[in-house]
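Residue strings, one per chain:
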Amino acid sequence: MTEAANLAIGDLARQTGTKVNTIRFYEEGGLLPQAERTAAGRRIYRDADTRRLAFIRQSRNLGFPLDAVRELLTLADDANQPCEAIDRIARVHLSEIDRKIADLSALRKELARLIGSCSHGTVADCKIIETLAPPSGELSA
């Protein structure tokens, strides 16, 4: 199978919906291999780079942190190994998402309670301001 035409960084950015600076960041961080260069020093990318960038973007869209993406890429590069490590990474990430959802649910409940305590009086009697204000009660400097 032959590689398709070479892509300049701007073309890769447009094709994948990734900002040029993000592509450079992924290269500098080792997520994408350093691009080949033309004689004039311009970066060129091949199909494999496009596929790898798509993998990175999808992983990031699912909320995987960069270290997990790096580990997933390393594991994906060896197709003959068992996938238990990949499953572990995904499960850890799912647990983190569940924790964040629980935190956000508690935050939502508390904010709804504060809003519900509003008596629509004056700011001096506002329960939301009272809760947010420091103990001294004075906000101005």
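The coordinates are above.
What you see is a predicted model, and the numbers here were worked out from it, not measured in a lab. (Residues numbered from 1 in each chain as written. Predicted model: local features only at pLDDT ≥ 70, side-chain atom pairs only at ≥ 80, totals over all residues. Heavy atoms only, no water.)

A. Up close: the nonpolar core. Membership of the largest hydrophobic core comes to 19 residues, with the highest contact counts inside it found for Ile23, Tyr45 and Ile56. Elements that contribute at least two residues to this core include exactly helix H1 (9-16), helix H2 (20-28), helix H3 (47-61) and helix H4 (66-76). Considering every element that reaches this core, the biggest residue donor is H4, with five residues. Once residues lying within four places of it in the same chain are set aside, the contact partners of isoleucine 23 are Ile9, Leu12, Ala13, Thr18, Leu32, Tyr45 and Leu53. (Core = buried A, V, L, I, M, F, W, Y, C linked by side-chain atoms within 4.5 Å. Buried < 20%, exposed > 50% of the residue type's maximum accessible area, 1.4 Å probe, protein only. Helix = DSSP H or I, 4+ residues; strand = E, 2+ residues; numbered from the N terminus. Contact = heavy atoms within 4.5 Å.)

B. Quick peek at H2. For H2, every residue scored as buried is listed here: Ile23, Tyr26 and Glu27. Across the axial projection of H2, the buried residues extend over an arc of 100°, all falling on one side. Exposed residues lying more than 90 degrees from the buried face of H2 are Asn21 and Glu28. Close packing links the buried residues of H2 with H1, strand S2 (43-44), H3 and H4. Among the residues trailing H2, glycine 30 stands out with phi positive, at a value near 85°. (Arc of directions from axis to C-beta.)

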